[in-house]
Amino acid sequence: MTPRFSRRQVISLAGASAAGVFLAACSGNKEAAPTATPANGVAPATPRGEGAPTTGWLQPRELTSQNGVLEATLTIAAAMVPFGSSTRWALTVNGTTPGPTLRVRPGDKLRLSIDNQTLHATNLHTHGLHVSPSRNADNPFLEIPAGQIFEYEIDIPPDHRGGLHWYHPHLHHHVAEQLFAGFFGAIIVEDSFDAQPEVEAMQERLLILHDARVGATEASVTGASMMDMMMGREGSTLLVNGYRNPDLAARAGSLERWRILNASTSRFYQLALEGHTFSLIGGDGGRLSQAEPTQQLSLVPGERAEVLVRPEAGGSFRLSTAAVNRGSIGQGMGGAITSSAADLLRMTVTGSGVATAGQPALPQPAAENREVTRRREVVFSMQGMNFLIDGRPFDPGRIDIRADLGTTEEWTVRNVSTMDHPFHIHVWPFQVIEQSKGVAPSGLKDVVNVPAGGWARLLIHFGDIPGKTVYHCHILDHEDMGMMGVIEVS
Ligand code: C2O
Ligand code: CU
Ligand code: CU
(Lines give C-alpha, C1' and ligand atoms only; values in the text may rest on other atoms or scores of the structure.)
(Ligands and ions follow the chains in the order given, each with its own letter.)
Protein backbone atom coordinates (compact mmCIF):
# COMPACT_ATOMS: atom_id res chain seq x y z
CA MET A 1 0.00 0.00 0.00
CA THR A 2 1.38 3.38 -0.95
CA PRO A 3 1.24 6.37 1.39
CA ARG A 4 -1.83 8.46 0.72
CA PHE A 5 -1.37 12.17 0.39
CA SER A 6 -3.95 14.72 -0.47
CA ARG A 7 -3.11 18.20 -1.61
CA ARG A 8 -4.38 20.76 0.83
CA GLN A 9 -6.89 23.30 -0.22
CA VAL A 10 -5.80 26.90 -0.45
CA ILE A 11 -6.24 28.44 2.97
CA SER A 12 -8.67 31.31 2.96
CA LEU A 13 -7.30 34.65 4.11
CA ALA A 14 -9.61 34.60 7.12
CA GLY A 15 -8.30 31.21 8.09
CA ALA A 16 -4.73 32.31 7.63
CA SER A 17 -5.01 35.33 9.88
CA ALA A 18 -6.92 33.41 12.51
CA ALA A 19 -4.10 30.90 12.46
CA GLY A 20 -1.64 33.59 13.49
CA VAL A 21 -2.21 33.45 17.20
CA PHE A 22 -3.64 30.65 19.26
CA LEU A 23 -4.43 30.47 22.90
CA ALA A 24 -3.52 27.35 24.80
CA ALA A 25 -6.99 25.85 25.05
CA CYS A 26 -7.04 23.50 27.95
CA SER A 27 -9.73 21.72 29.84
CA GLY A 28 -9.80 21.22 33.56
CA ASN A 29 -10.22 17.70 34.82
CA LYS A 30 -13.17 17.10 37.11
CA GLU A 31 -12.70 20.68 38.27
CA ALA A 32 -13.70 24.02 36.90
CA ALA A 33 -11.06 25.51 34.64
CA PRO A 34 -10.62 29.09 33.56
CA THR A 35 -12.16 29.66 30.16
CA ALA A 36 -9.93 30.43 27.24
CA THR A 37 -10.30 33.80 25.58
CA PRO A 38 -8.98 34.66 22.13
CA ALA A 39 -5.70 36.50 22.15
CA ASN A 40 -6.07 38.32 18.82
CA GLY A 41 -2.40 39.10 18.59
CA VAL A 42 -2.32 41.09 21.81
CA ALA A 43 -1.24 39.82 25.17
CA PRO A 44 -4.06 37.88 26.85
CA ALA A 45 -5.93 39.86 29.49
CA THR A 46 -5.32 37.21 32.12
CA PRO A 47 -1.70 36.31 32.54
CA ARG A 48 -1.36 32.61 31.93
CA GLY A 49 1.64 30.43 32.37
CA GLU A 50 3.63 31.79 35.23
CA GLY A 51 1.76 31.20 38.44
CA ALA A 52 -1.35 30.08 36.54
CA PRO A 53 -3.64 28.27 36.85
CA THR A 54 -4.85 28.97 40.34
CA THR A 55 -8.35 27.55 40.31
CA GLY A 56 -7.98 24.17 38.70
CA TRP A 57 -5.59 21.97 36.92
CA LEU A 58 -5.11 22.73 33.27
CA GLN A 59 -4.31 19.85 31.04
CA PRO A 60 -4.55 19.50 27.29
CA ARG A 61 -8.01 19.05 25.85
CA GLU A 62 -8.90 15.44 25.14
CA LEU A 63 -10.02 13.63 22.03
CA THR A 64 -11.83 10.41 22.94
CA SER A 65 -12.65 7.45 20.75
CA GLN A 66 -16.32 6.92 19.81
CA ASN A 67 -17.60 3.43 19.02
CA GLY A 68 -14.10 2.07 18.74
CA VAL A 69 -12.70 4.80 16.49
CA LEU A 70 -10.81 7.97 17.27
CA GLU A 71 -11.02 10.04 14.14
CA ALA A 72 -9.36 13.42 14.23
CA THR A 73 -7.34 15.92 12.28
CA LEU A 74 -4.20 17.09 13.98
CA THR A 75 -3.05 20.34 12.43
CA ILE A 76 0.63 21.07 12.91
CA ALA A 77 1.34 24.79 12.65
CA ALA A 78 3.67 27.44 13.98
CA ALA A 79 1.91 29.92 16.27
CA MET A 80 2.47 32.41 19.05
CA VAL A 81 1.19 30.81 22.26
CA PRO A 82 0.50 32.54 25.58
CA PHE A 83 3.41 32.74 27.96
CA GLY A 84 2.94 34.62 31.20
CA SER A 85 1.66 38.04 30.20
CA SER A 86 3.28 37.68 26.79
CA THR A 87 3.57 35.09 24.02
CA ARG A 88 6.22 32.75 22.65
CA TRP A 89 6.80 31.08 19.29
CA ALA A 90 5.92 27.39 19.23
CA LEU A 91 5.01 24.51 17.01
CA THR A 92 1.44 23.62 17.92
CA VAL A 93 -0.97 20.75 17.42
CA ASN A 94 -4.50 22.06 16.86
CA GLY A 95 -3.31 25.39 18.21
CA THR A 96 -1.74 24.29 21.47
CA THR A 97 1.39 22.77 22.93
CA PRO A 98 1.11 20.14 24.29
CA GLY A 99 -1.36 19.02 21.64
CA PRO A 100 -4.63 17.28 22.51
CA THR A 101 -4.51 14.08 24.52
CA LEU A 102 -5.78 11.05 22.61
CA ARG A 103 -7.82 8.83 24.94
CA VAL A 104 -8.45 5.35 23.60
CA ARG A 105 -9.21 1.78 24.65
CA PRO A 106 -7.71 -1.55 23.58
CA GLY A 107 -9.19 -2.64 20.25
CA ASP A 108 -9.77 0.93 19.04
CA LYS A 109 -8.72 2.32 15.70
CA LEU A 110 -6.86 5.63 15.49
CA ARG A 111 -7.66 7.47 12.29
CA LEU A 112 -5.49 10.57 12.35
CA SER A 113 -5.12 13.08 9.55
CA ILE A 114 -1.92 15.01 10.05
CA ASP A 115 -2.31 18.37 8.35
CA ASN A 116 1.19 19.73 8.00
CA GLN A 117 0.76 23.50 7.85
CA THR A 118 4.42 24.13 8.64
CA LEU A 119 7.13 25.04 6.17
CA HIS A 120 9.00 21.81 6.82
CA ALA A 121 8.42 18.11 6.31
CA THR A 122 7.37 16.08 9.35
CA ASN A 123 5.64 12.83 10.40
CA LEU A 124 4.14 11.13 13.46
CA HIS A 125 5.23 8.41 15.86
CA THR A 126 3.04 6.88 18.56
CA HIS A 127 5.69 6.25 21.23
CA GLY A 128 4.88 3.26 23.43
CA LEU A 129 1.96 1.86 21.46
CA HIS A 130 2.33 -1.82 20.64
CA VAL A 131 1.01 -1.40 17.08
CA SER A 132 2.10 -2.10 13.52
CA PRO A 133 5.03 0.00 12.24
CA SER A 134 4.09 -0.69 8.61
CA ARG A 135 2.30 1.20 5.82
CA ASN A 136 0.30 4.13 7.20
CA ALA A 137 0.41 2.98 10.83
CA ASP A 138 3.26 3.86 13.27
CA ASN A 139 5.76 4.08 10.42
CA PRO A 140 8.81 6.23 11.24
CA PHE A 141 10.08 6.11 7.65
CA LEU A 142 7.22 8.18 6.21
CA GLU A 143 7.57 11.83 5.35
CA ILE A 144 4.74 14.37 5.16
CA PRO A 145 5.93 17.27 3.00
CA ALA A 146 5.15 20.86 3.97
CA GLY A 147 1.57 21.79 3.13
CA GLN A 148 0.25 18.24 2.82
CA ILE A 149 -2.10 16.01 4.72
CA PHE A 150 -1.38 12.40 5.55
CA GLU A 151 -3.87 9.87 6.87
CA TYR A 152 -2.65 7.48 9.51
CA GLU A 153 -4.61 4.41 10.49
CA ILE A 154 -3.41 2.64 13.61
CA ASP A 155 -5.11 -0.42 15.08
CA ILE A 156 -4.64 -0.86 18.80
CA PRO A 157 -4.72 -4.59 19.58
CA PRO A 158 -7.62 -5.78 21.80
CA ASP A 159 -5.10 -7.07 24.36
CA HIS A 160 -3.10 -3.82 24.55
CA ARG A 161 -2.09 -2.87 28.09
CA GLY A 162 -3.47 0.30 29.61
CA GLY A 163 -1.07 3.15 30.28
CA LEU A 164 0.38 6.48 29.26
CA HIS A 165 2.05 6.85 25.89
CA TRP A 166 2.65 9.82 23.61
CA TYR A 167 3.00 11.11 20.09
CA HIS A 168 5.76 13.20 18.57
CA PRO A 169 7.38 13.71 15.16
CA HIS A 170 10.04 11.27 13.97
CA LEU A 171 11.54 12.69 10.79
CA HIS A 172 15.26 11.94 10.94
CA HIS A 173 17.46 15.06 11.39
CA HIS A 174 14.45 17.14 12.55
CA VAL A 175 13.02 15.30 15.55
CA ALA A 176 14.82 17.29 18.23
CA GLU A 177 13.97 20.72 16.83
CA GLN A 178 10.31 19.88 16.16
CA LEU A 179 9.71 18.29 19.56
CA PHE A 180 11.67 21.04 21.32
CA ALA A 181 9.44 23.57 19.54
CA GLY A 182 6.27 22.02 20.96
CA PHE A 183 5.00 19.23 18.69
CA PHE A 184 3.97 16.47 21.12
CA GLY A 185 0.98 15.20 23.07
CA ALA A 186 -0.18 12.32 25.27
CA ILE A 187 -1.94 9.09 24.37
CA ILE A 188 -3.84 7.41 27.19
CA VAL A 189 -4.92 3.80 26.77
CA GLU A 190 -7.63 3.00 29.31
CA ASP A 191 -8.31 -0.53 30.43
CA SER A 192 -10.15 -2.39 33.18
CA PHE A 193 -7.90 -0.79 35.81
CA ASP A 194 -9.39 2.60 35.00
CA ALA A 195 -12.92 1.26 35.43
CA GLN A 196 -12.47 0.22 39.07
CA PRO A 197 -14.62 2.40 41.36
CA GLU A 198 -11.58 3.08 43.62
CA VAL A 199 -9.68 4.34 40.60
CA GLU A 200 -12.56 6.38 39.20
CA ALA A 201 -12.89 8.12 42.55
CA MET A 202 -9.31 9.38 42.35
CA GLN A 203 -8.33 12.75 41.01
CA GLU A 204 -6.64 11.87 37.74
CA ARG A 205 -4.09 14.35 36.43
CA LEU A 206 -1.81 14.43 33.47
CA LEU A 207 1.58 16.12 33.93
CA ILE A 208 3.55 16.61 30.72
CA LEU A 209 7.05 17.84 31.50
CA HIS A 210 8.82 19.87 28.85
CA ASP A 211 11.60 22.42 28.73
CA ALA A 212 11.31 25.27 26.27
CA ARG A 213 13.49 27.99 24.89
CA VAL A 214 11.36 31.12 24.90
CA GLY A 215 11.60 33.30 21.81
CA ALA A 216 9.50 35.29 19.38
CA THR A 217 10.76 33.68 16.18
CA GLU A 218 11.34 30.19 14.88
CA ALA A 219 15.09 30.73 14.59
CA SER A 220 15.39 31.91 18.20
CA VAL A 221 13.62 28.76 19.42
CA THR A 222 14.94 26.00 17.16
CA GLY A 223 18.42 27.28 16.34
CA ALA A 224 21.06 25.02 17.88
CA SER A 225 24.84 25.02 17.83
CA MET A 226 26.86 21.86 17.24
CA MET A 227 27.65 21.94 20.98
CA ASP A 228 23.91 22.13 21.85
CA MET A 229 23.28 19.10 19.69
CA MET A 230 26.19 17.09 21.02
CA MET A 231 25.13 17.71 24.62
CA GLY A 232 21.45 17.35 23.75
CA ARG A 233 19.63 20.67 23.80
CA GLU A 234 17.81 21.75 26.94
CA GLY A 235 15.48 24.69 27.36
CA SER A 236 15.90 26.91 30.39
CA THR A 237 12.15 27.30 30.94
CA LEU A 238 10.54 24.28 32.56
CA LEU A 239 6.88 23.74 31.80
CA VAL A 240 4.14 21.46 33.04
CA ASN A 241 1.38 21.11 30.43
CA GLY A 242 2.80 24.29 28.89
CA TYR A 243 2.65 26.33 32.12
CA ARG A 244 5.47 27.59 34.28
CA ASN A 245 5.23 26.57 37.92
CA PRO A 246 1.43 26.13 37.94
CA ASP A 247 -0.74 25.51 41.00
CA LEU A 248 -2.36 22.17 41.57
CA ALA A 249 -5.21 22.35 44.08
CA ALA A 250 -5.70 19.13 46.04
CA ARG A 251 -7.94 18.09 48.91
CA ALA A 252 -6.54 16.38 51.97
CA GLY A 253 -7.92 12.87 52.27
CA SER A 254 -8.33 12.46 48.55
CA LEU A 255 -6.23 10.20 46.41
CA GLU A 256 -4.33 11.86 43.61
CA ARG A 257 -3.39 9.81 40.57
CA TRP A 258 -0.72 11.42 38.42
CA ARG A 259 0.38 10.28 34.99
CA ILE A 260 3.74 11.90 34.30
CA LEU A 261 5.50 12.09 30.94
CA ASN A 262 8.99 13.38 30.25
CA ALA A 263 8.44 15.04 26.86
CA SER A 264 11.73 16.92 26.96
CA THR A 265 14.19 16.61 24.12
CA SER A 266 17.20 15.87 26.33
CA ARG A 267 16.52 16.88 29.94
CA PHE A 268 16.65 14.28 32.71
CA TYR A 269 14.38 14.71 35.75
CA GLN A 270 14.72 13.51 39.32
CA LEU A 271 11.36 14.34 40.87
CA ALA A 272 10.43 14.78 44.51
CA LEU A 273 7.27 16.14 46.09
CA GLU A 274 7.82 17.99 49.36
CA GLY A 275 6.34 16.14 52.32
CA HIS A 276 5.00 13.28 50.23
CA THR A 277 5.92 9.82 49.04
CA PHE A 278 5.04 8.66 45.54
CA SER A 279 3.43 5.29 45.22
CA LEU A 280 4.61 4.11 41.82
CA ILE A 281 1.94 1.97 40.14
CA GLY A 282 2.90 2.17 36.47
CA GLY A 283 5.76 2.71 34.05
CA ASP A 284 6.26 3.00 30.30
CA GLY A 285 4.58 -0.27 29.40
CA GLY A 286 1.61 -0.14 31.75
CA ARG A 287 0.93 -0.99 35.38
CA LEU A 288 3.18 -2.75 37.81
CA SER A 289 1.91 -5.79 39.66
CA GLN A 290 2.78 -4.15 42.97
CA ALA A 291 2.89 -0.53 44.11
CA GLU A 292 6.38 0.73 44.94
CA PRO A 293 6.78 3.58 47.43
CA THR A 294 9.51 6.04 46.46
CA GLN A 295 10.67 9.53 47.43
CA GLN A 296 12.44 10.15 44.15
CA LEU A 297 11.27 9.50 40.66
CA SER A 298 13.78 9.47 37.84
CA LEU A 299 12.50 10.16 34.33
CA VAL A 300 14.82 10.32 31.32
CA PRO A 301 13.49 11.62 27.97
CA GLY A 302 10.51 9.58 26.77
CA GLU A 303 9.89 7.82 30.10
CA ARG A 304 6.53 7.79 31.87
CA ALA A 305 5.36 7.04 35.39
CA GLU A 306 1.98 6.65 37.01
CA VAL A 307 1.96 7.46 40.71
CA LEU A 308 -0.51 7.82 43.55
CA VAL A 309 -0.09 10.74 45.93
CA ARG A 310 -1.93 10.97 49.26
CA PRO A 311 -2.25 14.55 50.53
CA GLU A 312 -3.11 14.42 54.23
CA ALA A 313 -2.21 17.81 55.64
CA GLY A 314 -3.04 21.27 54.43
CA GLY A 315 -0.22 23.39 53.01
CA SER A 316 1.78 24.20 49.97
CA PHE A 317 4.19 21.61 48.59
CA ARG A 318 6.66 21.94 45.73
CA LEU A 319 7.16 19.32 43.06
CA SER A 320 10.77 19.82 42.04
CA THR A 321 13.48 18.20 40.02
CA ALA A 322 17.00 17.83 41.38
CA ALA A 323 20.14 18.44 39.34
CA VAL A 324 21.03 15.34 37.31
CA ASN A 325 24.51 14.71 35.93
CA ARG A 326 24.34 13.01 32.56
CA GLY A 327 28.04 12.67 31.75
CA SER A 328 30.29 14.76 29.58
CA ILE A 329 31.16 15.07 25.91
CA GLY A 330 34.68 13.93 26.72
CA GLN A 331 37.51 14.33 24.24
CA GLY A 332 38.61 17.36 26.24
CA MET A 333 35.43 19.26 25.37
CA GLY A 334 33.85 20.92 28.38
CA GLY A 335 32.94 19.57 31.78
CA ALA A 336 29.92 17.78 33.17
CA ILE A 337 26.55 18.04 31.45
CA THR A 338 23.90 18.67 34.05
CA SER A 339 20.13 18.94 33.82
CA SER A 340 19.50 21.73 36.33
CA ALA A 341 17.41 21.69 39.48
CA ALA A 342 14.10 23.56 39.33
CA ASP A 343 10.61 23.80 40.80
CA LEU A 344 7.91 22.38 38.53
CA LEU A 345 4.61 23.03 40.27
CA ARG A 346 3.06 23.82 43.62
CA MET A 347 0.48 21.51 45.14
CA THR A 348 -1.83 23.45 47.45
CA VAL A 349 -3.67 21.16 49.83
CA THR A 350 -6.77 22.32 51.67
CA GLY A 351 -8.42 20.67 54.65
CA SER A 352 -7.01 17.70 56.47
CA GLY A 353 -7.79 14.04 56.43
CA VAL A 354 -6.47 10.63 55.65
CA ALA A 355 -7.54 8.87 52.47
CA THR A 356 -9.88 6.02 53.29
CA ALA A 357 -9.89 4.62 49.77
CA GLY A 358 -8.08 1.33 49.49
CA GLN A 359 -5.30 0.50 47.12
CA PRO A 360 -6.75 -0.43 43.73
CA ALA A 361 -6.19 -3.92 42.40
CA LEU A 362 -3.15 -4.02 40.15
CA PRO A 363 -2.95 -6.50 37.27
CA GLN A 364 -1.36 -9.85 38.08
CA PRO A 365 -0.10 -11.14 34.75
CA ALA A 366 0.42 -14.87 34.47
CA ALA A 367 4.11 -15.70 34.70
CA GLU A 368 5.42 -16.27 31.22
CA ASN A 369 8.49 -18.38 31.03
CA ARG A 370 9.88 -17.48 27.67
CA GLU A 371 12.98 -19.09 26.36
CA VAL A 372 15.66 -16.72 25.12
CA THR A 373 16.45 -17.74 21.56
CA ARG A 374 19.12 -15.19 20.85
CA ARG A 375 21.54 -12.90 22.67
CA ARG A 376 22.90 -9.70 21.17
CA GLU A 377 24.98 -6.70 22.07
CA VAL A 378 24.06 -3.20 20.99
CA VAL A 379 26.76 -0.59 21.55
CA PHE A 380 26.32 3.17 21.86
CA SER A 381 29.44 5.16 21.03
CA MET A 382 30.55 8.69 20.19
CA GLN A 383 33.39 9.55 17.85
CA GLY A 384 33.94 13.24 17.41
CA MET A 385 30.62 14.53 16.16
CA ASN A 386 29.41 11.10 15.19
CA PHE A 387 26.82 9.41 17.34
CA LEU A 388 26.80 5.72 16.53
CA ILE A 389 25.21 2.38 17.30
CA ASP A 390 27.48 -0.60 16.72
CA GLY A 391 30.00 1.72 15.11
CA ARG A 392 27.65 2.99 12.39
CA PRO A 393 25.40 5.99 11.90
CA PHE A 394 21.72 5.50 11.00
CA ASP A 395 20.97 4.39 7.45
CA PRO A 396 17.27 3.96 6.64
CA GLY A 397 18.22 1.70 3.72
CA ARG A 398 20.03 -0.82 5.92
CA ILE A 399 18.57 -3.38 8.29
CA ASP A 400 20.81 -3.69 11.32
CA ILE A 401 18.94 -6.35 13.23
CA ARG A 402 16.64 -9.08 11.96
CA ALA A 403 14.59 -10.92 14.56
CA ASP A 404 12.05 -13.71 14.31
CA LEU A 405 8.43 -13.02 15.10
CA GLY A 406 7.28 -14.74 18.26
CA THR A 407 10.75 -15.11 19.79
CA THR A 408 12.35 -13.57 22.86
CA GLU A 409 15.82 -12.06 22.75
CA GLU A 410 18.21 -10.83 25.40
CA TRP A 411 19.98 -7.63 24.50
CA THR A 412 22.89 -6.13 26.36
CA VAL A 413 22.96 -2.44 25.52
CA ARG A 414 26.43 -1.13 26.27
CA ASN A 415 27.45 2.52 26.41
CA VAL A 416 31.16 2.97 25.72
CA SER A 417 30.88 6.78 25.60
CA THR A 418 31.28 9.43 28.29
CA MET A 419 27.62 10.53 28.22
CA ASP A 420 24.40 8.83 29.29
CA HIS A 421 22.17 7.60 26.45
CA PRO A 422 18.55 6.53 27.05
CA PHE A 423 17.85 3.46 24.91
CA HIS A 424 14.42 3.25 23.25
CA ILE A 425 12.82 0.77 20.87
CA HIS A 426 9.51 1.18 19.05
CA VAL A 427 6.62 -1.32 19.08
CA TRP A 428 8.01 -4.05 21.39
CA PRO A 429 8.43 -3.11 25.05
CA PHE A 430 11.07 -4.86 27.13
CA GLN A 431 11.85 -5.92 30.63
CA VAL A 432 15.08 -4.71 32.21
CA ILE A 433 16.61 -7.72 33.91
CA GLU A 434 19.85 -6.22 35.15
CA GLN A 435 21.79 -2.99 34.82
CA SER A 436 25.26 -1.72 35.64
CA LYS A 437 23.97 0.95 38.02
CA GLY A 438 21.03 0.71 40.43
CA VAL A 439 18.12 -1.67 40.67
CA ALA A 440 16.41 -2.69 37.43
CA PRO A 441 12.97 -1.05 37.12
CA SER A 442 9.90 -3.25 37.43
CA GLY A 443 7.32 -3.79 34.74
CA LEU A 444 7.55 -3.30 31.04
CA LYS A 445 9.63 -0.40 29.73
CA ASP A 446 10.37 1.15 26.39
CA VAL A 447 13.04 3.60 27.54
CA VAL A 448 15.94 2.82 29.85
CA ASN A 449 18.92 5.02 30.62
CA VAL A 450 22.27 3.44 29.82
CA PRO A 451 24.80 5.43 31.84
CA ALA A 452 28.20 6.50 30.52
CA GLY A 453 30.45 3.46 30.59
CA GLY A 454 27.58 1.25 31.76
CA TRP A 455 25.11 -1.26 30.40
CA ALA A 456 21.56 -2.56 30.68
CA ARG A 457 20.38 -6.08 29.94
CA LEU A 458 16.92 -6.39 28.42
CA LEU A 459 14.48 -9.10 27.55
CA ILE A 460 12.49 -8.24 24.43
CA HIS A 461 9.58 -10.35 23.24
CA PHE A 462 8.90 -9.92 19.53
CA GLY A 463 5.32 -11.08 19.96
CA ASP A 464 2.61 -10.91 17.40
CA ILE A 465 3.45 -7.74 15.46
CA PRO A 466 5.90 -7.96 12.54
CA GLY A 467 7.48 -5.06 10.69
CA LYS A 468 10.42 -2.75 10.25
CA THR A 469 11.10 0.08 12.67
CA VAL A 470 13.84 1.71 14.75
CA TYR A 471 15.67 1.73 18.09
CA HIS A 472 17.69 4.74 19.18
CA CYS A 473 18.96 7.08 21.86
CA HIS A 474 16.05 9.21 23.13
CA ILE A 475 18.21 12.29 23.52
CA LEU A 476 16.68 13.32 20.23
CA ASP A 477 19.64 15.37 19.04
CA HIS A 478 21.70 12.18 19.23
CA GLU A 479 19.06 10.31 17.26
CA ASP A 480 19.15 13.08 14.64
CA MET A 481 22.94 12.80 14.48
CA GLY A 482 22.78 9.10 13.73
CA MET A 483 22.40 7.17 17.00
CA MET A 484 19.63 4.98 15.60
CA GLY A 485 19.36 1.54 14.06
CA VAL A 486 16.78 -0.36 11.99
CA ILE A 487 15.18 -3.59 13.15
CA GLU A 488 12.98 -5.89 11.09
CA VAL A 489 10.88 -8.53 12.76
CA SER A 490 9.37 -11.18 10.50
CU1 C2O B 1 9.79 8.68 21.36
CU2 C2O B 1 11.58 6.77 18.26
O3 C2O B 1 10.68 7.73 19.83
CU1 CU C 1 9.13 5.58 20.24
CU1 CU D 1 22.39 9.86 23.37
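As a reminder, the structure under discussion sits directly above these lines.
Keep in mind that what you see is a predicted model, and the values were worked out from it rather than measured.

Draft legend 1. Just the pattern of salt bridges, in detail. Evaluated as defined, the whole model comprises 38 salt bridges. The shortest N-O distance in the salt bridge between Glu190 and Arg103 comes to 2.5 Å. One end of the pair, Glu190, is in the loop between strand 12 (185–189) and helix 3 (197–200); the other, Arg103, is in strand 7 (residues 101–104), with 87 residues separating them in the sequence. Note on accessibility: Glu190 and Arg103 belong to one class, buried. Among the salt bridges present, the one from Asp446 reaches Arg304, with a minimum N-O distance of 2.8 Å.

Draft legend 2. Examining the coordination of the copper ion (ligand 2) more closely. Only His125 (NE2) and His424 (NE2) from the protein reach the copper ion (ligand 2) as donors, at distances of 1.9 Å. Taken together, the residues His125 in strand 9 (residues 125–127) and His424 in strand 30 (residues 421–425) connect sequence positions 299 residues apart.

Draft legend 3. Summary view of the packing of aromatic side chains. Applying the stated rule across the entire model yields eight aromatic pairs. Ring centres 4.7 Å apart and planes at 75° place the aromatic pair Phe150 and Tyr152 in the edge-to-face group. With a centroid separation of 6.4 Å and 40° between ring planes, the pair formed by Phe423 and Tyr471 is classed as tilted. Here Phe423, found in strand 30, pairs with Tyr471, found in strand 35 (residues 467–473); they are 48 residues apart in sequence, far enough to count as distant. Grouping residues by exposure puts Phe423 and Tyr471 together as buried. Linked through ring pairs, Phe380, Trp411, Phe423, Trp428, Phe430, Phe462 and Tyr471 together constitute an aromatic cluster. Against the face of Phe180 rests Arg233, its NZ or CZ located 5.8 Å from the ring centre. One cation-aromatic arrangement involves Arg457 over Trp455; the distance from NZ or CZ to the ring centre is 4.7 Å.

Draft legend 4. Focus on the sheet that holds strand 14 (residues 237–240). If you walk across this open sheet you meet the six strands as 14-13-16-21-18-19, and the pairing is mixed. Both edges of this open sheet fall to strand 14 and strand 19 (286–294), since each of them pairs with a single strand only. Across the sheet, the mean angle separating the axes of adjacent strands is 25° when strand polarity is ignored. Pairing between strand 13 (residues 203–212) and strand 16 (residues 256–262): seven bridges, direction parallel. In the strand pairing of strand 16, Gln203 is matched with Glu256.

Quick notes on the rules
- Residues numbered from 1 in each chain as written.
- Chains lettered and ligands numbered in written order.
- Predicted model: local features only at pLDDT ≥ 70, side-chain atom pairs only at ≥ 80, totals over all residues.
- Heavy atoms only, no water.
- Salt bridge = Lys/Arg side-chain N within 4 Å of Asp/Glu carboxyl O.
- Helix = DSSP H or I, 4+ residues; strand = E, 2+ residues; numbered from the N terminus.
- Buried < 20%, exposed > 50% of the residue type's maximum accessible area, 1.4 Å probe, protein only.
- Donors = N, O, S within 2.8 Å, 3.2 Å for Na, K, Ca; no water.
- Phe/Tyr/Trp six-rings, centres within 6.5 Å; stacked < 30°, edge-to-face > 60°.
- Lys NZ or Arg CZ within 6 Å of the ring centre and 35° of its normal.
- Pairing = 2+ DSSP bridges.
- Axes fitted to C-alpha atoms, helices over the stretch in contact; angles between N-to-C directions.

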